[in-house]
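# What the coordinates show
So the chains spell out like this:
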Amino acid sequence: KEVVDSRLEAGGGFRGARSTVLSSHIGARGGIVAHEVGSDQTRPCALVAGVGDGALREAERLEAEADARQSELERAPELIEQLRARRQALDPEIAEAAQAQDLAQVALRELGEAPEAEQGDAHERRVRLEAQAREAEAKVDALFEEQERVIEKVAALESGQDEIRAAIAGLRTGALHLRTR
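Below you will find a few notes about this structure.

Take the nonpolar core next. By size, the foremost hydrophobic cluster in this structure holds ten residues: A55, A59, L62, A66, L73, I164, I168, L171, A175 and L178. Looking at this core, the elements that each hand over two or more residues are helix 1 (53–113) and helix 2 (120–180). The residues contacting A175, other than those within four sequence positions of it, are A59, L62 and E63. Formed by seven residues, the second largest nonpolar core is a distinct cluster that contains L108, A122, L129 and A133.

Here it is, written out as structure tokens:
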């Protein structure tokens, strides 16, 4: 006759044509029938008809995931712009490192052509120039690798936007389906 301070989940319907529901939560996929629901003196009731709590929780989870993907999609243009700016900033760094590498290699060739190339100061200079050339080469290689990673990230972000949009649509459709079945 009365449902008080209860939490009911029915896979079918809740039928209480002569019942009073107070301070309760009722979820029933097949609908809810009650004579009286709530009163001024009790906590509010929550009635969820047509959808079970489990489906509602799953729908909320899907909506939250869709919102997170939407935020990701909205951040993509700014991230792409930052990556493109980094890509452009790498060009002068690469040029500077390549120039340092070339200068060291030219100095090594010139030193190698000198007759006193293996004597005292010349030997020390050769070792120093070889180290500079190796360092510059390593820096050029690292900068080219970073440049390639940036280019790949931009391409992935640009092509991934359509996939994210499709995922968002699928998540929202799934949530809607759960709420209305």
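Quick look at the sheet that holds strand 2 (residues 7–10) now. The three strands lie next to each other as 2-4-6, forming an open sheet whose pairing is parallel. What marks the edges here is a single partner per strand, and that holds for strand 2 and strand 6 (46–49). Going from strand to strand, the sheet's axes swing by 0° on average, the running direction of each strand aside. Sheet analysis places strand 4 (residues 25–28) next to strand 6, joined by four bridges and oriented parallel. Directly across from I26, in strand 6, lies its bridge partner L47.

Our next topic: the sheet that holds strand 5 (residues 32–37). If you walk across this open sheet you meet the three strands as 1-3-5, and the pairing is parallel. This sheet does not close on itself; its edge strands, each paired only once, are strand 1 (2–4) and strand 5. Sheet twist, expressed as the average angle between the axes of neighbouring strands with direction ignored, equals 40°. Sheet topology places strand 3 (residues 14–22) next to strand 5; five bridges connect them, and they run parallel. The residue bridging F14 from the neighbouring strand is I32, located in strand 5.

Calculation criteria
Residues numbered from 1 in each chain as written. Predicted model: local features only at pLDDT ≥ 70, side-chain atom pairs only at ≥ 80, totals over all residues. Heavy atoms only, no water. Core = buried A, V, L, I, M, F, W, Y, C linked by side-chain atoms within 4.5 Å. Buried < 20%, exposed > 50% of the residue type's maximum accessible area, 1.4 Å probe, protein only. Helix = DSSP H or I, 4+ residues; strand = E, 2+ residues; numbered from the N terminus. Contact = heavy atoms within 4.5 Å. Pairing = 2+ DSSP bridges. Axes fitted to C-alpha atoms, helices over the stretch in contact; angles between N-to-C directions.

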